[in-house]
Amino acid sequence: MRPLVWLLVVGLGVAPPAGAAPSRGILEAGLRRSGEMEVIFLRLSGSVPLGRGELQYAVSPFYHPWLGGGAVAVETLSLRWDEGPLSVLLGRFPLGFGEARLLPYTWQTPLPTGYQEGLSGLALTYYAPEYRIRAGYAADRGILVELSLRELKAYVLSGGLGLSMTASLGEVVVYGDVFAVGGGGQATVGITGFVGRGLLTLEARYPPALAAQGSWPWEDRTISVSGSWREQEVGLTVALATDRGTLELGVVENRVFLGLRLYRPLGDGSGREDSRTGFDRFPEPATMGPAR
């Protein structure tokens, strides 16, 4: 943990070069309550430009009011450097695999804040017009290699292999993942597409699990409904999101769930990552509990 803290201190202490894009980020305050478990937290996430690269960070101190105690979760804290078609990523970063949105195969650890903790390591990515190759090492997990084509991804992981495919059928996208790692495995199929003005996603996984999510715009708000079933546990969550915060209410892992998040933009107000930020897509808060 101490090297990661020094990485943050050094990175934030370096001023962006003249003419560089401004730093960007989001400060978030949140409350999550599920059954008798309650957590309050702050979360600071974003990036700081550093020459041809940038410092990426997502740090969230949290506290359990009723149980006492807390910690500082370091989801992302990494330096990225770009040189032509090559990109190097060092530190702690989000690490997801495949195409599944709701029931993904992941090495990350769920946090009480609803986000996920990345892994510490090193990744080298080569970007070509028709493909992308990534190779790296994650602490406590081992090596990983990814070959990404337009509709196909192949993985070589420590102790296993993975394959992902996606295809467009009109206005609908179908996809699937298969991972065989360490004597076990996971297979997921899904479909996503627009229904009217809303976006609907359905997924099924083995070991047995089902998940569905729909979101619809409502003026300057978005209403989302998420449902899941796994191992005799049922989840159903309704969320109302604006650019200033999100309110969630439902049942997660057979317990009543309440979530509240408030956002404040920092810098240019953009907390999303571009195609070279992180090893995969930016982690979203989990509303249906950890996928197991």
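This is a predicted model, so every value here is computed, not measured.

K.L.:
What am I meant to see in the overall build of the chain here?
P.N.:
Regarding its fold elements, the chain presents one helix and 22 strands. For the chain, the residues scored as buried account for 42% of the 292 residues in total. Entry remark: accessible area of the chain is about 15,200 Å², with carbon and sulfur atoms responsible for 65%.

K.L.:
Explain unusual backbone geometry to me, please; I cannot follow it from the model alone.
P.N.:
Here Tyr206 and Pro207 are connected by a cis peptide whose omega angle stands at 5 degrees. Of note, Pro207 is situated in the loop between strand E17 (198-206) and strand E18 (209-218). The backbone of Asp140 shows a phi angle near 70 degrees, a positive value even though the residue is not glycine. Examined against the element boundaries, Asp140 turns out to sit in the loop between strand E11 (132-138) and strand E12 (142-148). One non-glycine residue with positive phi stands out, namely Glu219, at about 55 degrees. Relative to the helices and strands, Glu219 resides in the loop between E18 and strand E19 (221-230).

K.L.:
Which parts of the structure should I look at to understand the pairing of strand E21 (residues 245-252)?
P.N.:
Consecutive side chains of a regular strand alternate in pointing toward one face of the sheet and then the other. Where strand E20 (residues 233-242) meets E21, seven bridges bridge the pair, whose relative direction is antiparallel. What sits directly across from Ala241, in E21, is Thr246. Between E20 and E21, which pair antiparallel one after the other, the connecting turn spans two residues. With eight bridges connecting them, E21 and strand E22 (residues 255-267) associate as antiparallel partners. Bridge assignment links Leu247 to a residue of E22, and that residue is Leu260. The turn joining E21 and E22, which pair antiparallel and follow one another in sequence, is formed by two residues; a positive phi near 50 degrees is taken by Glu253.

K.L.:
What's the story with the packing of aromatic side chains in this structure? I'm lost.
P.N.:
Centre distance and the angle of the planes are the two values used to describe a pair of aromatic rings. Applying the stated criterion to the full structure yields seven aromatic pairs. Here the aromatic rings of Phe97 and Tyr105 are separated by 5.8 Å at their centres, their planes lie at 40 degrees, and the arrangement is tilted. Among the aromatic side chains, those forming a connected cluster through ring pairs are Phe97, Tyr105, Trp107, Tyr155 and Phe179. Its end group placed over the ring of Tyr175, Arg101 keeps NZ or CZ at 4.3 Å from the ring centre.

K.L.:
Please clarify how the environment of Leu249 should be interpreted in this entry.
P.N.:
Checked against the element boundaries, Leu249 lands in strand E21. Judged by its relative accessible area of 51%, Leu249 is exposed. Along the primary structure Leu249 and Arg33 are separated by 216 residues, whereas in three dimensions their C-alpha atoms are 9.7 Å apart. With residues near it in sequence (within four places) discarded, Leu249 still touches Leu236, Thr237, Val238, Phe257 and Leu258.

K.L.:
Mind showing me how you'd approach the pairing of E17 here?
P.N.:
In terms of strand pairing, strand E16 (residues 184-195) meets E17 through nine bridges, oriented antiparallel. Looking across to E17, one finds that Thr188 is bridged to Arg205. Connecting E16 to the next strand, E17, in antiparallel fashion are two residues, including Gly196 with a positive phi near 65 degrees. Two strands pair when backbone bridges link them, and E17 and E18 are joined in this way by seven bridges, in the antiparallel orientation. The partner of Thr201 across the bridge, within E18, is Gln213. Count of turn residues in the E17/E18 antiparallel hairpin: two residues.

K.L.:
What exactly am I supposed to notice about the nonpolar core here?
P.N.:
Note that soluble globular proteins tend to have their nonpolar side chains buried in a common cluster. In terms of nonpolar packing, the biggest core is built from 13 residues, with Leu95, Phe97, Trp107 and Leu157 touching the most fellow members. Each residue touching Trp107, except ones within four places of it in the same chain, is listed here: Leu95, Phe97, Leu119, Ala138, Arg141, Gly142, Ile143, Leu144 and Leu157. By size, the runner-up hydrophobic cluster in this structure holds six residues, among which are Val48, Leu55, Tyr57 and Val74.

K.L.:
So what exactly am I meant to see when it comes to the side chain of Glu146 here?
P.N.:
Mapped onto the elements of the fold, Glu146 is located in strand E12. For Glu146, a relative accessible area of 1% translates into the label buried. Engagement of the side chain of Glu146 in a polar contact is seen with the side chain of Arg132, the distance being 2.8 Å.

K.L.:
Help me out: how do you make sense of the confidence of the model for the chain in this one?
P.N.:
Close inspection of predicted coordinates is inappropriate in any region flagged by low pLDDT. For the chain, per-residue confidence averages 85 on the pLDDT scale, and 83% of positions sit at 70 or higher. In the model, residues 1-20 has pLDDT below 50 throughout and makes 25 contacts with residues more than four positions away in sequence or in other chains.

Conventions and cut-offs
- Residues numbered from 1 in each chain as written.
- Predicted model: local features only at pLDDT ≥ 70, side-chain atom pairs only at ≥ 80, totals over all residues.
- Heavy atoms only, no water.
- Helix = DSSP H or I, 4+ residues; strand = E, 2+ residues; numbered from the N terminus.
- Buried < 20%, exposed > 50% of the residue type's maximum accessible area, 1.4 Å probe, protein only.
- Areas by Shrake-Rupley, 256 points an atom, 1.4 Å probe, with all protein chains shown as cover.
- Pairing = 2+ DSSP bridges.
- Phe/Tyr/Trp six-rings, centres within 6.5 Å; stacked < 30°, edge-to-face > 60°.
- Lys NZ or Arg CZ within 6 Å of the ring centre and 35° of its normal.
- Contact = heavy atoms within 4.5 Å.
- Core = buried A, V, L, I, M, F, W, Y, C linked by side-chain atoms within 4.5 Å.
- Polar contact = N/O pair within 3.5 Å; in protein donor to acceptor, adjacent residues only side chain to side chain.
- pLDDT = per-residue confidence, 0-100.

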